[in-house]
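Here is what each chain is made of, one letter per residue.
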Amino acid sequence: MDISTIVGTVLGIAVVVVLMLMDGHLSIYVSEHAAIVIFGGAIASTMIRFPFSSMIHGLPMGMRYVLQMRALDPRALIEEITKIAEVMRKSGPMALETLKVDDPFLAQGIRYVVDGYDAEFIQNTMNKDRDTFLAHLDEGQKIYRAIGDCAPAWGMVGTLLGMVGMFANMEDPAKLGPFMATALLATLYGALVANLFCLPIADKLHVKLEEEDISRSLIIDGVMQIRQAKSPGIIREMLLSYLPDHHKAHFVDAEAAA
C-alpha cells in the first residue's frame, strides 16, 4: 500500500472535520443541493469529455494504482535482473524456469526467454504490453484531473444558483439563510473534491506512470540482454543508465566494498 496517499487523505479529511467541529456542528455543512450540483455536474462534464467505457475502466484503475506501491524499485530490479543473468550464463535458459520472480512483467519476459521466443517477438510484445498499460494509467489520470478541473467551476454554478434564489426571495428573510448556505457550501464542496481528492490523485497517477515507464523499459532492456546471453556485468552497466547519479553511487559503493 502507498502509505503517503492514505496518510495524506486521512490527514486532509481530519483537518476539515476538526475545523467544522470548531465552528459548529457537522450538520450545518451538509447540503443535498450542493452535493447534487458538484457530483452530478462534475460527472456530467466528465462524461462529455470521455467515452463512458473509459470512465468505467479509468476510475477504478486509477483508484487502485494510486493506493498501490510498486513491489520493486529500479535498483532492486537491476539487482534481480543481474542475478537472473548470472543463472542464465552458468546454467542456460532452462534453469530460469525454476526461478521465483515477484514482478509479473519481468516474470513474463523470463518466460518468453525460457520458451525460446525470438528476440524480435519478445521486444515487440513487451513494448506493446508496456504501452497499453501506460495508456490505461494515463487514461485514469486524465479522468481524475478532468473531475478536479470542473468541480470548482460547478461549485461556482451552485453558488450562483444559491444567490439567484436568495435575491429572488429578498422579501422573505427566513429564506435568505438557507440559500446563502447552499451557495457557500457548493463552493466548499467543489474546492474539497478538486484539491483534496481528484487533483492529488491525478498528480500521484502521473508520478506512478513515469515510474512504471522507467521500470518496464528497464525490464524490457534487461530481458533482451538476457535473451542475447550478455554477461551480468555488461547488463548491470547498461541498466544503470536508468538511475539518477545519486542512486548509481549506491552500486559503485557496494562493488567497492565487495
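Here we summarise the structure given alongside this text. Here the structure is a predicted model, which is why all the values come from computation and not from measurement. (Residues numbered from 1 in each chain as written. Predicted model: local features only at pLDDT ≥ 70, side-chain atom pairs only at ≥ 80, totals over all residues. Heavy atoms only, no water.)

**Describing the overall build of the protein**
Inference 1: Looking only at helices and strands, the protein features nine helices and zero strands.
Inference 2: Going from the N terminus to the C terminus, the protein shows its helices and strands as α-α-α-α-α-α-α-α-α.
Inference 3: Relative to a compact globule of 258 residues, whose C-alpha radius of gyration would be 18 Å, the protein shows 26 Å and is clearly more extended.
Inference 4: Based on the C-alpha atoms only, the size of the protein along its principal axes is roughly 90 × 40 × 30 Å.
Inference 5: Among the 258 residues that make up the protein, the fraction classed as buried is 39%.
Inference 6: Total accessible area on the protein is roughly 14200 Å²; 65% of this is exposed by carbon and sulfur atoms.
Inference 7: For the protein, the separation between the mean place of its 21 positive charges and that of its 30 negative charges on side chains is 5 Å. (Helix = DSSP H or I, 4+ residues; strand = E, 2+ residues; numbered from the N terminus. Rg over C-alpha atoms; globule rule 2.2 N^0.38 Å. Buried < 20%, exposed > 50% of the residue type's maximum accessible area, 1.4 Å probe, protein only. Areas by Shrake-Rupley, 256 points an atom, 1.4 Å probe, with all protein chains shown as cover. Lys, Arg positive; Asp, Glu negative; His and termini not counted. Charge placed at Lys NZ, Arg CZ, Asp CG, Glu CD.)

**Focus on the packing of aromatic side chains**
Think of a pair of aromatic rings as described by two things: how far the centres are apart, and how the planes are tilted against each other in angle.
Inference 1: For the structure shown, the criterion picks out four aromatic pairs.
Inference 2: Ring geometry for Y112 against Y117: centres 5.5 Å apart, planes inclined by 85°, an arrangement best described as edge-to-face.
Inference 3: Taking relative accessible area as the criterion, Y112 reaches 10% and is therefore assigned buried.
Inference 4: Taken together, the ring pairs in this structure connect Y112, Y117 and F121 into an aromatic cluster.
Inference 5: When the ring centre of F105 is taken as origin, the NZ or CZ atom of R216, which lies over that ring, is 4.9 Å away.
Inference 6: When the ring centre of F133 is taken as reference, the NZ or CZ atom of R216 above it lies at 3.9 Å. (Phe/Tyr/Trp six-rings, centres within 6.5 Å; stacked < 30°, edge-to-face > 60°. Lys NZ or Arg CZ within 6 Å of the ring centre and 35° of its normal.)

**Comments concerning helix α4 (residues 74-91)**
Inference 1: The terminal C-alpha atoms of α4, which comprises 18 residues, lie 25 Å apart, in line with the 26 Å expected from a rise of 1.5 Å per residue.
Inference 2: Three or more residues of α4 are buried, namely L77, I78, E80, I81, T82, I84, A85 and M88.
Inference 3: Of the residues trailing α4, G92 is marked for its positive phi of about 90°. (Expected span 1.5 Å × (residues − 1).)

**Quick look at a nonpolar patch on the surface**
Inference 1: On the surface, M1, I3, I6, V7 and V10 cluster together into a nonpolar patch covering about 490 Å² of accessible area.
Inference 2: On the secondary structure map, I6 appears in helix α1 (residues 3-23).
Inference 3: The class for I6 is partly exposed, based on a relative accessible area of 31%. (Patch = residues over 30% accessible without salt bridge, like charges linked within 9 Å, V, L, I, M, F, W, Y side chains within 5 Å. Salt bridge = Lys/Arg side-chain N within 4 Å of Asp/Glu carboxyl O.)

**Considering the environment of M156**
Inference 1: In this structure, M156 sits in helix α6 (residues 119-168).
Inference 2: A residue is classified by how much of its surface remains accessible, and M156, at 45% relative accessible area, is partly exposed.
Inference 3: C-alpha of M156 to C-alpha of A186: the two residues are 30 residues apart in sequence and 7.1 Å apart in space.

**Concerning the pattern of salt bridges**
Inference 1: Enumeration over the complete set of coordinates arrives at six salt bridges.
Inference 2: The shortest N-O distance in the salt bridge between R130 and D131 comes to 3.1 Å.
Inference 3: Under the relative-accessibility criterion, R130 is labelled buried at 15%.
Inference 4: A salt bridge links R145 to D203, with the shortest nitrogen-to-oxygen separation between them at 2.8 Å. Of the two residues, R145 sits in helix α6 while D203 sits in helix α7 (residues 173-227), which places them 58 residues apart along the sequence.

**Describing the nonpolar core**
Inference 1: Membership of the largest hydrophobic core comes to 29 residues, with the highest contact counts inside it found for Y65, F133, L137, Y144, I147, V193 and L205.
Inference 2: At the level of elements, α2 (32-49), α3 (52-66), α6 and α7 are the ones that each hand at least two residues to this core.
Inference 3: Residue contributions to this core peak at ten residues, all from α7.
Inference 4: Those residues within four positions of Y65 in sequence are excluded, and the remaining contacts are F133, L137, L205 and K208.
Inference 5: By size, the runner-up hydrophobic cluster in this structure holds 27 residues, among which are M88, V101, F105 and L106. (Core = buried A, V, L, I, M, F, W, Y, C linked by side-chain atoms within 4.5 Å. Contact = heavy atoms within 4.5 Å.)

**Description of the environment of S27**
Inference 1: As for its placement among the helices and strands, S27 is situated in the loop between α1 and α2.
Inference 2: Relative accessible area serves as the criterion here: at 54%, S27 is assigned to the exposed category.
Inference 3: In the structure, S27 is positioned 49 residues away from A76 in sequence and 50 Å away in space, judged by C-alpha atoms.

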